[in-house]
Amino acid sequence: MSQAKDLFSHTLFADVLALDDRTPFTEAFDWDAQGMAHPVLVAGEGPGVLLMHELPGFVPEFWRLAHWLVAAGFRVYAPALYDPAGTPHEELVQVHGKVGGMARACISREIRLFARTGGSPISDWLRTLAREIHEECGGPGVGAIGLCLTGNFAWSVAVEPSVIAAVAGEPALPFNAAHSVHLDTDEAQSLSARDDLEVMALRFDGDPSCKAGRFAALQAVLGDKLETRVLPDEAKNPNGNPFPHAVLTKDLIAEDGQPTYESARDVLAFLSHRLQRQR
């Protein structure tokens, strides 16, 4: 890379990434489809991006990422996957620091943590939401970002044709099958057949919940539609998780030149290119 190009890449989205807004969105609506209903928080203007939270839920660093996307020119939809429709807003925006009650029920019924084959019912619900997002926002298509527990849903929701850009951060499902991509046969075939989709997947090299085998299996499904980032373990934020894991949120170091920070810049550039056809 030339010095000029390197300088440009490090100034791209500099104004956006300088923001450190960790306040939750204030607008929400309920989405009821496929026998499931959850609230969705939303903010911003522009092409639609479906941003799915990790475990334990809406952590402050999640909202920082959400506001980066808004500042980059997207309308961001953040479903609260552990909460039933009608949940008061003040409850929605709290960190879901426990997996109990409704959260446990939703995970056991809608998100199959240990299914070695097949996917999760929540994928169908997310696809209907993606269609609604595209209808509302227009543009060439919708982006989808999944993190940890929802990382795999970034590509499973892309079975829906309106999703043309997917970002999978440390996809962790199923927890007990490192080489699985958490798709049923029809879903995998549909993804393989798409010629208008691009997927970016990110992980730390030593992440015990997202190993090399998962990326290899995903590569077998997507072929050259997949672009990967594997970060060195020493690039994690020392104040983040106990092990290298959350590339775009808790383990990100917000400093120019840091691999996690530059990965966030790459994600913004990827989505902008695919959804806005500019920059």
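1. Observations regarding the sheet that holds strand β3 (residues 48-51)
Move 1: Here eight strands make up an open sheet; going across it, the order is β1-β2-β4-β3-β5-β6-β7-β8 and the pairing mixed. Both outer strands of the open sheet, β1 (27-33) and β8 (226-231), are each paired with one neighbouring strand and no more. Averaged over all adjacent pairs, the angle separating strand axes in this sheet is 20°, with direction ignored.
Move 2: Strand direction decides the pairing type here: strand β6 (residues 163-169) and strand β7 (residues 198-204), joined by five bridges, are parallel. Note on β7: the bridge partner recorded for G169 is L202.
Move 3: Here helix α10 (residues 259-276) sits on the sheet in contact with β3, β5 (142-147), β6, β7 and β8, set at roughly 170° to β6.

2. Comments concerning the confidence of the model for the protein
Move 1: Averaged over all residues, the pLDDT of the protein equals 89, while 87% of them reach at least 70.
Move 2: Within the model, pLDDT remains below 50 along residues 1-8, and this stretch shows two contacts once partners closer than five positions in the same chain are excluded.

3. Here's the deal with the pattern of salt bridges
Move 1: Using the criterion set out here, one finds 15 salt bridges in the structure.
Move 2: The closest approach of N and O atoms between D196 and R194, which form a salt bridge, is 2.9 Å.
Move 3: Looking at D196, the relative accessible area reads 36%, which means it is partly exposed.
Move 4: Each of E27, E45, R75 and E136 takes part in a single network of salt bridges with overlapping partners.

4. Regarding the packing of aromatic side chains
Aromatic rings in a pair are described by how distant their centres are and how their planes are angled relative to each other.
Move 1: All told, the structure shown has six aromatic pairs when counted by the stated rule.
Move 2: The interplanar angle of 80° and the centroid separation of 6.3 Å between the aromatic rings of F29 and Y77 together place this pair among those described as edge-to-face. With F29 in strand β1 and Y77 in strand β4 (residues 75-79), this pair connects stretches of sequence that are 48 residues apart.
Move 3: When the centroid spacing of 6.4 Å and the interplanar angle of 75° are considered together, the rings of W68 and Y261 count as edge-to-face. In this pair, W68 sits in helix α3 (residues 60-71) while Y261 sits in helix α10, placing the two residues 193 residues apart along the sequence. We note that W68, like Y261, is buried.
Move 4: In textbook terms, an aromatic cluster arises when at least three aromatic residues are bridged by ring pairs, as seen for F25, F58, F62 and W63.
Move 5: Over the ring of F215 we find R203; its NZ or CZ atom is 5.3 Å from the centre of that ring.

5. Some thoughts on helix α8 (residues 185-193)
Move 1: Those residues of α8 lying buried are E187, A188 and L191. Each buried residue of α8 sits inside an arc of 100° when the element is viewed along its axis, so together they form one side. In α8, the exposed positions that point more than 90 degrees away from the buried face belong to T185, D186, Q189 and A193.
Move 2: Considering only its buried residues, α8 is in contact with α6 (122-137), α7 (153-156) and α9 (212-222).
Move 3: Taking the backbone nitrogen of D186 as reference, a side-chain oxygen 3.2 Å away marks D184 as the first, capping residue of α8.

About the criteria used
- In this convention, every chain numbers its residues from 1, walking through the sequence in written order.
- With pLDDT at 70 or above as the cut-off, local features in this predicted model cover only qualifying residues; side-chain atom pairs require 80 or more to be listed or tallied, and sums for whole chains, interfaces and linings still use all residues.
- Each side-chain value is worked out from all heavy atoms of the structure, with water and hydrogens disregarded.
- Any two strands with at least two DSSP-identified bridges between them are counted as paired.
- Put simply, DSSP marks the helices as runs of H or I at least four residues long and the strands as runs of E at least two long, and each gets a number from the N terminus on.
- Axes, fitted as lines to C-alpha atoms, cover a helix only where it is in contact. Angles between the N-to-C directions of the axes lie from 0 to 180 degrees.
- Residues are treated as being in contact if the distance between any of their heavy atoms lies within 4.5 Å.
- Think of pLDDT as the predictor's per-residue confidence, scored from 0 to 100.
- Just to be clear on terms, a salt bridge is a Lys or Arg side-chain nitrogen sitting within 4 Å of an Asp or Glu carboxyl oxygen.
- The buried label applies to any residue whose accessible area, calculated with a 1.4 Å probe on protein chains only, is under 20% of its type's maximum; exposed applies above 50%, and partly exposed to all values in between.
- Each pair of aromatic rings taken from Phe, Tyr and Trp, with Trp reduced to its six-membered ring, is defined by centres within 6.5 Å and is described as stacked if the planes are under 30 degrees apart, edge-to-face if over 60, and tilted in the remaining cases.
- We count a charge as sitting over a ring when the NZ of a lysine or the CZ of an arginine lies within 6 Å of the ring centre and within 35 degrees of the ring normal.
- This arc corresponds to the set of directions leading from the helix axis out to the C-beta atoms.
- The definition of a polar contact used here is a pair of N or O atoms within 3.5 Å, where within protein one atom must be able to donate a hydrogen and the other to accept one, and adjacent residues in sequence count solely through side-chain atom pairs.

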